[in-house]
Amino acid sequence: MASTTNGTLYLLRCLVDTTSDSFSSDKSAKIFVAGHRGLVGSAIVRKLQSLGFINLVLRTHADLDLTSQNDVESFFATEKPQFVILAAAKVGGIHANNTYPADFIAVNLQIQTNVIDSAYRHGANKLLFLGSSCIYPKFAPQPIPENALLTGPLEPTNEWYAIAKIAGIKMCQAYRIQYGWDAISGMPTNLYGPYDNFHPENSHVLPALMRRFHEAKVRGAKEVVVWGTGSPLREFLHVDDLADAVVFLMSKYSGLEHVNVGSGKEVTIKELAELVKEVVGFEGELVWDKTKPDGTPRKLMDSSKLAGLGWTPKVSLKDGLIDTYKWYLENVK
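All values derive from a computational prediction rather than experimental measurement. (Residues numbered from 1 in each chain as written. Predicted model: local features only at pLDDT ≥ 70, side-chain atom pairs only at ≥ 80, totals over all residues. Heavy atoms only, no water.)

S.K.: Just give me the short version of the overall build of the protein chain, but keep the residues and values in it.
M.R.: Broken down by element type, the protein chain carries twelve helices and twelve strands. Summarising its shape, the C-alpha atoms of the protein chain cover approximately 75 × 40 × 40 Å along the three principal directions. Taken over 333 residues, the protein chain has a buried fraction of 49%. Look at the contacts in the protein chain between residues 6 or more apart in sequence, and 82% of them connect residues 24 or more apart. Accessible surface, the protein chain: about 15,600 Å² in total, of which carbon and sulfur atoms supply 54%. Charged side chains in the protein chain number 34 positive and 35 negative. The centres of these two groups are separated by 1 Å. (Helix = DSSP H or I, 4+ residues; strand = E, 2+ residues; numbered from the N terminus. Buried < 20%, exposed > 50% of the residue type's maximum accessible area, 1.4 Å probe, protein only. Contact = heavy atoms within 4.5 Å. Areas by Shrake-Rupley, 256 points an atom, 1.4 Å probe, with all protein chains shown as cover. Lys, Arg positive; Asp, Glu negative; His and termini not counted. Charge placed at Lys NZ, Arg CZ, Asp CG, Glu CD.)

Structure below.
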């Protein structure tokens, strides 16, 4: 009888995708933002503070090791946050994923398992788990819908990270099914903005271009060489838009399925490079090394589900680049 009742409750939960806005209505609610110093977490903190939330619980890695089950359990037993936003993760580029595959799968699984389980066991009302577009198959249909998950092989260069993120989605779903707990997942597209990684070797395409154009401008170089033809299409979302979407999902969404969070707008790498060049103010020539590989021709997420719920991004790519370059000049040495 109990299993039948649980099954009925589960079906009812799956039918209802929206929830009353208990999140935004209480500005004194205790909210734990895991990973608050990173690109994503810092933007979420800025957004929450701008909205008047006054009870944010923040911990550095030195204060709280999220890979330690005992430490995380003790933290939740003491703090008992009402809401949890899980933006903490071990991230890196292709080289890092290839060099440290054990770290990428183990550390991320540990963080997710510890935080999700302890949040549930210590009475958190709701949790949002943030993943990545790399969860989808290498040859997923374009634009990529949520139901493309687990329909084909992953991109081999980051499968360790992707497997961990898929496990996080499934863990949230499992806790919803078994316990009726409000755990949801959001999958952002390519992100950029303040606190991005501008490392000369390990950064993603947008911050890498920004750094190269800036350094070329400072040196007075006559040209910047970029790999490939510039023809691949990519989607970018300013991290402040993601933070806005996080608040929206915490307030309005309580469905079983994960939700894509993208801009819905594509740009070629050539168009991106020319726009970054303009924003940085590099006056030399942009040269394409067509002997180098282009990578995946197109990668666009289908964010129509989120749009249907009533959320759309606000930051244009050019405005976002201007904002990011301003932060770069003030913070990157």
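Next comes the rest of the write-up.
S.K.: If you had to explain the sheet that holds strand E9 (residues 259-261) to someone new, which residues and values would you point to?
M.R.: Taken in spatial order, the six strands make up an open sheet running E2-E1-E3-E4-E5-E9, and their pairing is parallel. Looking at the sheet topology across the chains shown, the edges are occupied by strand E2 (56-57) and E9. Where strand E4 (residues 126-130) lies against strand E5 (residues 182-188), five bridges are found, and the strand directions are parallel. Paired with Leu130 across the bridge in E5 is Gly186. (Pairing = 2+ DSSP bridges.)

S.K.: Can you explain the pattern of salt bridges? Please cite residues and give values.
M.R.: Inspection of every chain in the model, using the stated rule, returns 16 salt bridges. The salt bridge involving Glu79 is made with Lys30; its shortest N-O contact spans 3.2 Å. Of this pair, Glu79 sits in helix H4 (residues 69-79) while Lys30 sits in the loop between helix H2 (22-25) and strand E1 (31-34), placing them 49 residues apart in sequence. A salt bridge links Lys47 to Asp244, with the shortest nitrogen-to-oxygen separation between them at 3.1 Å. One end of the pair, Lys47, is in helix H3 (residues 39-50); the other, Asp244, is in helix H9 (residues 239-252), and 197 residues separate them in sequence. Classification of Lys47 as partly exposed rests on a relative accessible area of 22%. The exposure class of Asp244 is buried, given its relative accessible area of 15%. (Salt bridge = Lys/Arg side-chain N within 4 Å of Asp/Glu carboxyl O.)

S.K.: An account of the packing of aromatic side chains is needed here, citing residue identities and associated values.
M.R.: Two numbers describe a pair of aromatic rings. These are the distance of the centres and the angle of the planes. Scanning the entire structure with this criterion turns up 15 aromatic pairs. Residues Phe32 and Phe75 carry aromatic rings whose centres are separated by 4.6 Å and whose planes lie at 55° to one another, so their mutual orientation is tilted. Of the two residues, Phe32 sits in strand E1 while Phe75 sits in helix H4, which places them 43 residues apart along the sequence. Take Phe32: its relative accessible area is 2%, and that puts it in the buried class. By way of ring pairs, the aromatic residues Tyr195, Phe198, Tyr325, Trp327 and Tyr328 are connected into one cluster. Directly above the aromatic system of Phe53 lies the positively charged group of Lys27, at a separation of 5.2 Å from the ring centroid. The ring of Phe104 has Lys90 lying over it, and the distance from NZ or CZ to the ring centre is 5.3 Å. (Phe/Tyr/Trp six-rings, centres within 6.5 Å; stacked < 30°, edge-to-face > 60°. Lys NZ or Arg CZ within 6 Å of the ring centre and 35° of its normal.)

Read these as spatial facts, not as claims about activity.
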